[in-house]
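As a plain string of letters, each chain reads:
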Amino acid sequence: MESNHNNDWTAAELVYRGEGNSSIVIAVKKVCFDQFRKVKLFRKHKSLPDEDTFALLMPDFCDIPQTIATNDNLIGPVISVEIKPKQGFLSSLDPYSCVYSSFQSVKLEQGLITRKSGYCPLDLYSGCRHRMNIALNQLLSNPQNNFRIFRDLQLAYGEGLKCDIDTILHGFINVTETIGSIKDVFCNLLIEALLKPFHNKNEILYSKLKMKYEQHYCNYHRDISLPCECKEKCQLPYDCILGTILRTQMLDTIDHRFAQDLLDFILKCSSDIEKFSELTVPRGVGSISKLDFESNELFMTRKIWEFLVSLTAKDCSIIIAMQKLNSAEIEFNSDTEDAVTIIHVPQARSRFFVRLSIIDVDQKPFHKVYKLKNFKNIKI
Ligand SMILES: O=P(O)(O)O[C@@H]1[C@@H](OP(=O)(O)O)[C@H](OP(=O)(O)O)[C@H](O)[C@H](OP(=O)(O)O)[C@H]1OP(=O)(O)O
Ligand SMILES: Nc1ncnc2c1ncn2[C@@H]1O[C@H](COP(=O)(O)OP(=O)(O)OP(=O)(O)O)[C@@H](O)[C@H]1O
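Residues numbered from 1 in each chain as written. Chains lettered and ligands numbered in written order. Predicted model: local features only at pLDDT ≥ 70, side-chain atom pairs only at ≥ 80, totals over all residues. Heavy atoms only, no water.

Enquirer: Would you mind showing me how to read the overall build of the chain here?
Expert: In terms of helices and strands, the chain carries nine helices and nine strands. Taken across its 380 residues, the chain has 48% of its residues classed as buried. Summarising the internal contacts of the chain: among those between residues at least 6 apart in sequence, 69% fall at separations of at least 24. (Helix = DSSP H or I, 4+ residues; strand = E, 2+ residues; numbered from the N terminus. Buried < 20%, exposed > 50% of the residue type's maximum accessible area, 1.4 Å probe, protein only. Contact = heavy atoms within 4.5 Å.)

Here is the structure:
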C-alpha cells in the first residue's frame, strides 16, 4: 500500500493488514506481519510462495493522507471501518429470505462459523436509519468477515478481536461531549456516511444504471429487523455508496440458474471466453431485454458480463476512514479522485472528515457462474 518512502521496505516496516483468497495485504509500517497474522482456520495452510511473485501497490484506504486533506485541522486517531455488505436485494431464487442468510446456513454446516449472524443486508440497504442501525449493531455483535474497525491503521475490532468500543474510539468520540452512548453516536456517524452522495470516477457508467428499489424484508431475520415506521417512507439515496453498489449488484437480472444455461449455450457456439473479462462497458448496459442493435450473441454475452460485474459488487467491501475536525474550516484537495465529505454529528457535538472507498473489486472469472451448483443448501 501507499507509503511516503521509496520502495525499499524491510520486513520490519511491514504490517499484516488482512488477506483474501488470492492475496495477502500488508501495509508499510514498522512491525513484521507474521506476528499479527490471525488467519481463519481454513486459510492456515496458505503461505507466501517461495518464488518471485507479484505485488500490487494500492492506496491505503484506511488512511487520510496529506494529499487529500491538510491534517492541521484534523485531530485524534483515524478510525476506519470496513464493511462487506453482501447482496442487498432478494433473489428470485429465494424471494423470502436474504441470500446472506442462506450462505450463513452453508457456512454453519461446513463449520466455518459457530453461529449465524443476525445481520441482514436488506436492513443495511434499506435507507431507513432505524433498520440500518439494527444492521450495524448486528455486525458489531457478530462481525465475521463483514465488519472491522481500524484505529490508526491497526486492526482494533473484528472477528476474534472484540475490544471495548469506547476504548477503541477514545479521542475520536469523547464521552464528555456525547449525548447518548458512544456506540450509538458512532453508528449514527456511519449511517450518515453510508447515505451521503458518493461521487466517483465512474459516474458516467453508474448514471446509466437505474435503481428501482423499494424496501424489502427478510423472513429469516424477522425477529431482529423492524419494519420502517418512519413518517416519510425511507428510500436508499440513488447516489450514496450503498446505492452505487446496489445498482451494480442489480445488473444481475438473470440469476445463476439462467446464467448457467446461457453460458453453456454460448460456450457450445464459441470458445472465445476472453470476451467476458473485457473491461469495456458493453453498449446497452443495464437494459433487461435485447436492444435493436444487438445480435443474439451480443445480447447473451452482455448478460453474462453484467452477471459477473454484479457478482463483484455482491462481494466488494466499503472502507469509511474518518477523523475529527477541530475547527470550522478544512482544506481538502478538490482534484482528489477520492470521495470525501464532512459530517456533522450533533450528538457528538463534532464534525468529522470522511473518506469513502470501495475495495475488492477484482473481476470474477466466468466459471463463477457455475458456483451455486456446489451449494446444496441454497434453495433453487
Ligand atoms: O459466494 P459468497 O457470497 O459466499 O462470496 C465469497 C466470499 O464469501 P463470504 O460469503 O463473503 O464469506 C469469499 O470471502 P472469504 O474468502 O470467505 O472471506 C470470497 O470473497 C469469494 O470470492 P473469491 O472466490 O475470492 O473471488 C466469494 O465468492 P464469489 O463472490 O466469488 O462467489
Ligand atoms: N487498499 C486497501 N486499503 C486498506 N485496506 C485494504 C486494502 N485492500 C485490502 N485491504 C484489507 O485487506 C483485507 C484483504 O483484502 P483482499 O482484497 O485481499 O481480500 P478479501 O476482501 O477478503 O477478498 P477475497 O477473499 O475475495 O480475495 C481486506 O479485507 C481489508 O481489510
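Enquirer: I'm lost on the site of ligand 2 in this one. Help?
Expert: Taken together, 22 residues form the shell around ligand 2, and within it Asn-21, Ser-23, Pro-59, Glu-82 and Asp-360 come nearest. Between ligand 2 and Phe-61, the relevant distance is 3.0 Å, taken from a nitrogen atom to a main-chain nitrogen or oxygen of the residue. Between ligand 2 and the protein, one listed contact pairs an oxygen atom with a side-chain N or O atom of Arg-148 at 3.1 Å. Across the complex, the protein chains shield 91% of the 620 Å² of accessible surface that ligand 2 would expose by itself. Secondary-structure elements contributing two or more residues to the shell around ligand 2 are β1 (14-19) and β4 (147-151). (Near = heavy atom within 4 Å. Polar contact = N/O pair within 3.5 Å; in protein donor to acceptor, adjacent residues only side chain to side chain. Areas by Shrake-Rupley, 256 points an atom, 1.4 Å probe, with all protein chains shown as cover.)

Enquirer: How do you make sense of the sheet that holds β4 when you look at a structure like this?
Expert: Two modes of strand pairing occur in sheets, parallel and antiparallel, and in both the strands are linked by backbone hydrogen bonds. Reading across the sheet, the seven strands line up as β6-β5-β4-β3-β7-β9-β8 and stay open at both edges, with antiparallel pairing between neighbours. The open sheet has two edge strands with one neighbour each: β6 (161-162) and β8 (339-345). Its contacts with the sheet place helix α7 (residues 241-249) against β7 (317-325) and β9 (350-359), and it is angled at close to 15° to β9. (Pairing = 2+ DSSP bridges. Axes fitted to C-alpha atoms, helices over the stretch in contact; angles between N-to-C directions.)

Enquirer: Teacher, can you tell me more about unusual backbone geometry here?
Expert: Among all residues except glycine, the phi angle is most often negative; among peptide bonds, the trans geometry is most common. The phi angle at Leu-153 is positive, at roughly 75°, despite the residue not being glycine. Here Leu-153 is to be found in the loop between β4 and β5 (154-158). The backbone of Asp-360 sits at a positive phi, close to 60°, despite the residue not being glycine. Tracing the backbone through its elements, the reader meets Asp-360 in the segment after β9. The partly exposed category is assigned to Asp-360, whose relative accessible area is 39%.

Enquirer: How do you make sense of the packing of helix α3 (residues 129-141) against helix α5 (residues 182-195) when you look at a structure like this?
Expert: When two helices pack together, their arrangement is given by the angle between the helix axes and the distance between those axes. In the contact formed by α3 and α5, the axes pass within 10 Å of each other and the chain directions differ by 120°. The two elements α3 and α5 meet at a crossing, and its hand is right-handed. Here Arg-129, Met-132, Asn-133, Leu-136, Asn-137 and Leu-140 of α3 lie close against α5, whose contacting residues are Lys-183, Cys-187, Leu-190, Ile-191, Glu-192, Leu-194 and Leu-195. Looking at the contact of α3 with α5, its residues break down into eight nonpolar, two polar and three charged. (Left-handed = near helix turned anticlockwise from the far one by under 90°. Nonpolar A, V, L, I, M, F, W, Y, C, P; charged D, E, K, R; others polar.)

Enquirer: It is not clear to me how the pattern of salt bridges should be interpreted in this structure. Could you clarify?
Expert: Using the criterion set out here, one finds 10 salt bridges in the structure. Residue Lys-86 pairs with Asp-315 through a salt bridge whose shortest N-O separation is 3.0 Å. Taken together, the positions of Lys-86 in the loop between β3 (74-83) and α1 (99-109) and Asp-315 in helix α9 (residues 296-315) put the pair 229 residues apart, joining distant regions of the chain. Classification of Lys-86 as partly exposed rests on a relative accessible area of 24%. Given the relative accessible area of 18%, Asp-315 is considered buried. In this structure, Lys-303 and Glu-306 form a salt bridge, with 2.8 Å as the shortest nitrogen-oxygen distance. Of this pair, Lys-303 and Glu-306 both sit in helix α9, separated by three residues, roughly a single helical turn. Residue Lys-303 is classed as buried on the basis of its relative accessible area, which comes to 2%. Given a relative accessible area of 1%, Glu-306 falls into the buried group. Several salt bridges converge on common partners, so that one network encompasses Lys-84, Lys-86, Asp-315 and Lys-364. (Salt bridge = Lys/Arg side-chain N within 4 Å of Asp/Glu carboxyl O.)

Enquirer: Would you take a moment to explain the packing of aromatic side chains for this structure?
Expert: In this description, a pair of aromatic rings is defined by centroid distance and the angle of the planes. Inspection of the entire model under this criterion finds three aromatic pairs. Judged by centre distance (5.2 Å) and plane angle (75°), the rings of Tyr-100 and Tyr-119 are edge-to-face. Of the two residues, Tyr-100 is situated in helix α1 and Tyr-119 in the loop between α1 and α2 (121-124); the sequence distance between them amounts to 19 residues. With respect to class, Tyr-100 is no different from Tyr-119; both count as buried. (Phe/Tyr/Trp six-rings, centres within 6.5 Å; stacked < 30°, edge-to-face > 60°.)

Enquirer: Looking at this structure, how should I read α7?
Expert: One turn of the α-helix equals 3.6 residues, which is why residues spaced by three or four share an orientation. Taken across its nine residues, α7 has nine buried, putting it largely inside the fold. Of the residues making up α7, those classed as buried are Ile-241, Leu-242, Gly-243, Thr-244, Ile-245, Leu-246, Arg-247, Thr-248 and Gln-249.

Enquirer: Hey, could you run me through the nonpolar core in this one?
Expert: Burial of nonpolar side chains together is a common tendency in soluble globular proteins. Within the largest apolar cluster, 57 residues are counted, with the highest numbers of intra-cluster contacts made by Ile-149, Phe-186, Leu-242, Ile-320 and Met-322. Of the residues forming this core, the biggest block, 10 residues, is contributed by α5. If sequence neighbours within four positions are ignored, Ile-320 has contacts with Ile-79, Ser-80, Val-81, Ile-83, Leu-190, Ala-193, Leu-194, Val-354, Arg-355 and Leu-356. Counting 11 residues, the second largest nonpolar core, distinct from the first, contains Met-300, Ile-304, Leu-308 and Val-369. (Core = buried A, V, L, I, M, F, W, Y, C linked by side-chain atoms within 4.5 Å.)

Enquirer: Just checking my understanding: could you explain the packing of helix α8 (residues 255-269) against α9 for this structure?
Expert: The contact between α8 and α9 brings their axes to 10 Å, and the two run at 135°. Relative to α9, α8 is oriented oblique. The hand of the α8/α9 crossing is left-handed. Seen from α8, the contacting residues are Asp-255, His-256, Ala-259, Leu-262, Leu-263, Phe-265 and Ile-266; seen from α9, they are Met-300, Thr-301, Lys-303, Ile-304, Phe-307 and Leu-311. Looking at side-chain class alone, the contact of α8 with α9 contains nine nonpolar, two polar and two charged residues. (Parallel < 35°, antiparallel > 145°, perpendicular 65-115°, else oblique.)

Keep in mind these numbers describe shape, not what the thing actually does.
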